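What follows is the residue order along each chain.
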Amino acid sequence: MALPNLVTTCLSQPVHYAICKLGFEKKHIYDINNILSGNGEICWQAVTEHVCYLESDQSVDYIKSIRSLGPVCESVNLHFKSLTKEQFIIQYTSWFHWTNCTEVFLEVFDVLQYTQTTEVALGLMKLISCLERALGDVYLLKGNDCPFLLRDLLASEQLAAVFGKSVMNVLRIFIGSPHGLNLRNVLWHGFASPQEIPAKYCAMLLFLTAGLGQLLQTYLLQTKCILVHRPYVIFVNLEKLDVFPDLNNETLSIAEELVKLSSFVLKPMLPFWIAALTAFKQSRYADSVILLLPQLEAGLRLLFTTINKCPNRLLTAESSAFYTTFDEILAKHLDNEEVNQLPVVLEEPAMASEFLWDFLNHQEGPRVRDHLSHGEINLEAFPREVANQIVAFAITLLCRFLDENMFSLKEHMVIKPLMNCASCYQSQFHPISLLKQQVLECMKSIHLWSELPTVSEEQVQTIKGLEENAEVSTLILMLSEITSQLLQYMPQNCCSSDDPISSVLTERQLIGLCDTRICTLYSPRPVLEIVAILRKISTQCHQVSEQVIASAEVRYTQWMNKTLRSRQRHNYLRMLNSIKILSPVLRLILILITLELVSVHSVCKKNPFDYQQYLKFLKSVLQYTENLVTYTSPEKNKWDETMELINKALIKIRKISDRKLMLMHLAT
């Protein structure tokens, strides 16, 4: 499939004018000594006097301010070009320490010496994200819960109290307001091409960051405060991100050809794609992803606006409207409530929606763009594994939008495995997928119970006053009946006529149920609400299992060392008696919640009353598991109460199971 691709700019006319022309209208040369003192300090008053205000409400007049600051930015750029690296380090390095990423700012200085447009844009994106993170750290000196959005951060009273409101207004002209240059958003959302970002604005933000460091030093000395930097986000569970095979040089060489041929690439953005692949080959993984993510958004926006017949949304929006970003591109409906056609056109939604939701949006996923764009990741330690997945996915999209006469490239032996991986991709970080993973992890934990050390029957007989607990046999009988009933709801491949509470059988059933493919894209709110409760139940079950394992091991050691008092010995044996039934009960609960998960989309068909009753039942199961956590904790060790609770829980589950079975028979 080929896309119409005659785009020359993604900046609307007013935005293009503001960024590319407005700051160049005043031609006079501004003397750098007006804003830079002899000892190297920035004269903020001389900078802030270029901020203009509207007479009507004294808010910032962004148009006049950009025009006025244009010559100042040019002067700063020329000043930096006149310095050697050694001079820059001596004069400015100490003023970047407050950002906790001095190397990024030194790197930006290097970029400005050569004014290679793609590198300037990359340096600016990195500079802004690091600056945002550092400003958030400063915000926390004065308040709690740092704002997520940069514009809210720069408009906060907390930062104004540290740096001054007029200083914050200067920053807002460059990066913190949709009415200003808005450099952060036009770059990170893939609207600006390399040649549309003037180097002098990058130089000015480098200069302003040093000036903020000077102001902050004064503030910290006066207040005796200490600036504490928040720890970086670290990607965990990297094995979950292992979707595509490792990219080799041959694959990357073909990718370099694809970017020139695919209609997914907007022609003005081609330098970004080439730079992204080059950065990956040079092991600059953060740079590669920073360059690539905005271009994925730009390409998908081109597809989105073409398929949904809204070409006006390809360009940057004005300050009174929203940009078309990943959130809108991946949404189920357009803002006019019509169905978004993008997943339909992709034929295999996993090729874009599922993967992008996983890597960018799901709260428990890696949220790569959020973390990168907000400066939350150590750029030097960005993992190759994550970059490999983003680049590989991008290659599959390039192939998807080739002309038919280029079919051979899609079938190339190094490309075809990538296409196959994309076509069968399943979400890893949707709550439904995470619940499946939780159930299987809990099952593994319960399986370890069979390996726990235990006392012999002969030793048990030596304990006087311990009566045989017939309740266990009764509970096992009830448990067997319930499990047999639940088997009738299972898919055919998960059923068995063997012992229904056999641990091996239960594990096989759970694995079979978790292999069932469940739609995760665009899950309705009722589905997510149910899944959230089921996940809480699973979490409680896992905690019970871990507590039993820990307690059993400790008590056995104490028993063998004969350090248990009489009452403790009795309690330990009651625990051993209880876990005979507790193990199959936990497995039953896992089967129950997995069965509910497999049919979770049916909740959308329930009427409000039935839905509330269903919620009430699940919350009661959650309450039982929470109480189990309490009773089996090392602090409580209440095993008689655990048996009573198991009895109540089984009665409740059997009642619901009987009702479901009756309804199933009536339906047939």
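Residues numbered from 1 in each chain as written. Predicted model: local features only at pLDDT ≥ 70, side-chain atom pairs only at ≥ 80, totals over all residues. Heavy atoms only, no water.

Looking at an unreviewed UniProt entry, the chain carries the name EMARD protein, with the source organism given as Campylorhamphus procurvoides.

*Asks:* What should I look at first to understand the overall build of the chain in this one?
*Replies:* From N to C terminus, the chain includes 29 helices and 0 strands. If you line up the chain on its principal axes, its C-alpha atoms span 100 × 65 × 55 Å. Relative to its 668 residues, the chain shows a buried fraction of 55%. At a minimum sequence separation of 6, the contacts of the chain that also span at least 24 residues come to 77%. Here the chain displays about 29,900 Å² of accessible surface, and carbon together with sulfur accounts for 53% of that area. If you average the places of the 60 positive and of the 68 negative side-chain charges in the chain, the two averages end up 4 Å apart. (Helix = DSSP H or I, 4+ residues; strand = E, 2+ residues; numbered from the N terminus. Buried < 20%, exposed > 50% of the residue type's maximum accessible area, 1.4 Å probe, protein only. Contact = heavy atoms within 4.5 Å. Areas by Shrake-Rupley, 256 points an atom, 1.4 Å probe, with all protein chains shown as cover. Lys, Arg positive; Asp, Glu negative; His and termini not counted. Charge placed at Lys NZ, Arg CZ, Asp CG, Glu CD.)

*Asks:* How do you make sense of the nonpolar core when you look at a structure like this?
*Replies:* As a rule of thumb, nonpolar side chains are buried together in soluble globular proteins. If you look at the biggest cluster of nonpolar residues, it comprises 163 residues, and the most contacted ones within it are Phe 80, Phe 174 and Phe 382. Ranked by residues supplied to this core, first place goes to helix H11 (residues 199-223) with 14 residues. Ile 432, Ile 533, Leu 618 and Trp 639 belong to the second-largest nonpolar core, a separate cluster that totals 66 residues. (Core = buried A, V, L, I, M, F, W, Y, C linked by side-chain atoms within 4.5 Å.)

*Asks:* How should the UniProt feature "domain: DUF4209" (unreviewed entry) in the chain be read in this particular structure?
*Replies:* Following the UniProt record, one finds the feature "domain: DUF4209" (unreviewed entry) at residues 131-211. Helix makes up 68% of residues 131-211 and strand 0%, with an end-to-end C-alpha separation of 12 Å. (UniProt positions renumbered as here; feature names shortened; annotations may be inferred.)

*Asks:* How do you make sense of the domain arrangement of the chain when you look at a structure like this?
*Replies:* One frequent convention defines the size of an interface as the accessible area lost when the parts assemble. What the domain assignment reports for the chain is domain 1 (13-223), domain 2 (238-423) and domain 3 (431-666). The interface of domain 2 with domain 3 comprises 10 residues on the first partner and 6 residues on the second. Roughly 750 Å² is buried in total at the junction of domain 2 and domain 3, and carbon and sulfur atoms are behind 54% of that figure. Taken together, domain 2 and domain 3 are joined by 1 salt bridge. Note that Arg 535 is salt-bridged to Glu 364, the shortest N-O span being 2.6 Å. Applying the counting rule to domain 2 against domain 3 returns 5 residue pairs in polar contact (both at pLDDT 80 or more). Broken down by element, the residue count for the side of domain 2 that touches domain 3 peaks at 3 residues, all from helix H17 (residues 353-361). Residue classes in the side of domain 2 that touches domain 3 are distributed as 5 nonpolar, 1 polar and 4 charged. (Domains from an automatic or database assignment. Buried area = accessible area lost by both parts, 1.4 Å probe. Salt bridge = Lys/Arg side-chain N within 4 Å of Asp/Glu carboxyl O. Polar contact = N/O pair within 3.5 Å; in protein donor to acceptor, adjacent residues only side chain to side chain. Nonpolar A, V, L, I, M, F, W, Y, C, P; charged D, E, K, R; others polar.)

*Asks:* For this particular structure, what's the right way to read the packing of helix H13 (residues 270-281) against helix H14 (residues 285-307)?
*Replies:* Angle between the axes and distance between the axes are the two parameters that describe a pair of packed helices. Orientation of H13 relative to H14, taken along the N-to-C sense of each, is 155 degrees, at an axis distance of 8 Å. Judged on the interaxial angle alone, H14 and H13 are roughly antiparallel. Along this stretch, H13 crosses H14, giving a crossing that reads as left-handed. Side by side, H13 and H14 meet where Phe 272, Trp 273, Ala 275, Ala 276, Ala 279 and Phe 280 of the first sit next to Tyr 285, Asp 287, Ser 288, Leu 291, Leu 292, Gln 295 and Leu 296 of the second. Here the contact of H13 with H14 is composed, by residue class, of 10 nonpolar, 2 polar and 1 charged. (Axes fitted to C-alpha atoms, helices over the stretch in contact; angles between N-to-C directions. Parallel < 35°, antiparallel > 145°, perpendicular 65-115°, else oblique. Left-handed = near helix turned anticlockwise from the far one by under 90°.)

*Asks:* Please explain the side chain of Arg 367 as it appears in this structure.
*Replies:* Along the polypeptide, Arg 367 turns up in the loop between H17 and helix H18 (368-373). By relative accessible area, Arg 367 is classed as buried at 14%. Among residues more than four places away in sequence, those in contact with Arg 367 are Phe 148, Phe 359, Leu 360, Asn 361 and His 362.

*Asks:* Sorry if this is basic, but what is going on with the packing of aromatic side chains here?
*Replies:* Given two aromatic rings, one states the distance between the centres and the angle between the planes to describe the pair. Applying the stated criterion to the full structure yields 19 aromatic pairs. On the numbers, 6.0 Å between centres and 65 degrees between planes, the contact of Phe 174 with Tyr 201 is edge-to-face. With Phe 174 in helix H9 (residues 165-176) and Tyr 201 in helix H11, the pair connects residues that are 27 residues apart, well separated along the chain. For the pair formed by Phe 174 and Tyr 201, the shared burial category is buried. Considering the side-chain rings of Phe 235 and Phe 382, the 5.7 Å spacing of their centres and the 85 degrees angle between planes classify their relative orientation as edge-to-face. (Phe/Tyr/Trp six-rings, centres within 6.5 Å; stacked < 30°, edge-to-face > 60°.)

*Asks:* Got a minute to help me understand the environment of Phe 96 in this structure?
*Replies:* Tracing the backbone through its elements, the reader meets Phe 96 in the loop between helix H4 (85-92) and helix H5 (102-114). Taking relative accessible area as the criterion, Phe 96 reaches 0% and is therefore assigned buried. Residues Phe 96 and Ala 134 lie 38 residues apart in sequence; the distance between their C-alpha atoms is 10.0 Å. In contact with Phe 96, not counting residues within four places along its chain, are Phe 88, Thr 102, Phe 105, Leu 206, Thr 209 and Ala 210.

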